[in-house]
Amino acid sequence: MLQRGVWGVVATPFAGSTFDVDEQSLARLVEHYDKAGVTGLTVLGVFGEAAQLSSEERRTVLETVVDAVELPLVVGATSLGTAPVVEEVRLAREVAGDRLAGAMVQVNSADPHVLAGHLRAVHEATGAGLVVQDYPLASGVSIGTEALLAALRGLEFVVAVKAEAPPTPVSVAALTATLDVPVFGGLGGLGLLDELACGAAGAMTGFSFPEGLIACVRAWHEGGYEAAREAWLPYLPLVNFEQQARVALAIRKECLRQRGLFLESSVRPPAASLPPALHEQLKRHLAAVK
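In this text, all values refer to a predicted model and were calculated from it rather than measured experimentally. (Residues numbered from 1 in each chain as written. Predicted model: local features only at pLDDT ≥ 70, side-chain atom pairs only at ≥ 80, totals over all residues. Heavy atoms only, no water.)

1. A word on the pairing of strand β6 (residues 100-106)
Right, so step 1: With respect to burial, β6 is a largely interior element, six of its seven residues being buried.
Right, so step 2: Across four bridges, the pairing between strand β5 (residues 73-76) and β6 is parallel. Of the residues in β6, the one forming a bridge with V74 is G102.
Right, so step 3: With helix α3 (residues 82-96) bridging β5 and the parallel β6, this β-α-β connection has right-handed handedness.
Right, so step 4: Bridge analysis of β6 against strand β7 (residues 130-134) gives four bridges, and the strand direction is parallel. When the bridges of β7 are listed, A103 appears paired with L130.
Right, so step 5: Viewed along the sheet, the connection from β6 through helix α4 (residues 112-126) into β7 turns out right-handed. (Buried < 20%, exposed > 50% of the residue type's maximum accessible area, 1.4 Å probe, protein only. Helix = DSSP H or I, 4+ residues; strand = E, 2+ residues; numbered from the N terminus. Pairing = 2+ DSSP bridges. Right-handed = clockwise from strand over helix to strand, strands pointing away.)

Rendered as structure tokens:
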């Protein structure tokens, strides 16, 4: 099973007009996550713009992370079809080796039988434990909670679930009540407090201040809701600001640049860049949490 806590979701930095992977900034970012005290890292997820990377670039990202830190890794697979997912997971196993704590595979069908068959095929072909990501905004696939539960029952190779289908606290409550695997929230931490109250194992998201996520989760375990709320409150305006539709990725990458972790904050087309109208407000939010 995946260890509880905060799994930092890693953005992929790019440089120059050709948007080359910036290995130096990537290493600096994951070293920062390590020093902050994350449980592990999630690499090549939606936030990592993995769908915009070539196979060779994915290898470069994984090799850079593996060389920079010794944390356990969850590695995302971007495809929905079984054959390409198998290829992606095999690459993750090849590069990460025993550092691979789980391969994150998206829900690819609303039919529980189809989904269960997909997950079994991926595991049988790769031997990897799987983190099942229910993120309809990214996958385009919406599955009901009961159907998801039906698909996952009895799949002993599933090491965690990432619940990102709103309302996430409702999904977390249902999943944790039935499944014997950790369930993590995402979506930038918007529902973190309520997800913890409903049984979440922690957070797996790309919020630009992992320190805040860690403080909230630790406070929850040490002092319960009130302590966690107090720890999370200073970050909530920025959490909300970062999670704006269409530009969330651009905002977070600019936050990371202003924190000195990235040299550039560019996103690969067709992702939307940061609108100039938001620059001043972003500075205000960052000043409030530095």
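Having put the structure on the table, let's press on.
2. What about α3?
Right, so step 1: Between its terminal C-alpha atoms α3 stretches 21 Å, which fits the 21 Å expected from 15 residues at 1.5 Å a residue.
Right, so step 2: Within α3 the residues assigned to the buried category are V85, V86, E88, V89, L91, A92, V95 and A96.
Right, so step 3: In this structure, the buried side of α3 is in contact with α2 (55-68), β5, β6 and α4.
Right, so step 4: Backbone geometry just after α3 places G97 at a positive phi near 60 degrees. (Expected span 1.5 Å × (residues − 1). Contact = heavy atoms within 4.5 Å.)

3. A word on the sheet that holds strand β4 (residues 40-43)
Hydrogen bonds between backbone atoms are what pair the strands of a sheet, whose relative direction is either parallel or antiparallel.
Right, so step 1: Read around the barrel, eight strands follow the order β1-β4-β5-β6-β7-β8-β9-β10 and close on themselves; strand pairing throughout is parallel. Strand-to-strand twist of the sheet, defined as the mean angle between neighbouring strand axes without regard to direction, takes the value 25 degrees.
Right, so step 2: Both strand β8 (residues 158-163) and strand β9 (residues 183-185) contribute to a ladder of three bridges, which runs parallel. Its bridge partner being in β9, A163 is matched across the sheet by G185.
Right, so step 3: Each of β4 and β5 touches α2; the most contacted strand, β4, lies at about 170 degrees to it. (Axes fitted to C-alpha atoms, helices over the stretch in contact; angles between N-to-C directions.)

4. Brief notes about the pairing of β7
Right, so step 1: Within β7, five of the five residues are buried, leaving the element largely enclosed by the surrounding structure.
Right, so step 2: Residues L130, V132 and D134 point to one face of β7 and V131 and Q133 to the other, with burial holding for every one of them.
Right, so step 3: The sheet contact formed by β7 and β8 spans five bridges and is parallel. From the neighbouring strand, D134 faces β8, where its bridge partner is A163.

5. Focus on the packing of aromatic side chains
Right, so step 1: Inspection of every chain in the model, using the stated rule, returns five aromatic pairs.
Right, so step 2: Ring geometry for F207 versus W232: centroids 5.6 Å apart, planes at 80 degrees, classification edge-to-face. Placement of F207 in the loop between β10 (202-205) and α9 (210-232) and of W232 in helix α9 is noted, with a sequence separation of 25 residues between them.
Right, so step 3: Residues F207 and Y235 carry aromatic rings whose centres are separated by 6.2 Å and whose planes lie at 90 degrees to one another, so their mutual orientation is edge-to-face. A residue pair is termed long-range when its members are at least 10 positions apart, and F207 in the loop between β10 and α9 and Y235 in the loop between α9 and α10 (236-242) qualify at 28 residues.
Right, so step 4: Judged by relative accessible area, Y235 falls into the buried class, the value being 14%. (Phe/Tyr/Trp six-rings, centres within 6.5 Å; stacked < 30°, edge-to-face > 60°.)

6. Here's the deal with the environment of P84
Right, so step 1: Tracing the sequence through the fold places P84 in helix α3.
Right, so step 2: For P84, a relative accessible area of 32% gives the class partly exposed.
Right, so step 3: Expressed as a C-alpha distance, the spacing of P84 and V122, which sit 38 residues apart in the sequence, is 9.7 Å.

Structural measurements only, silent on function.
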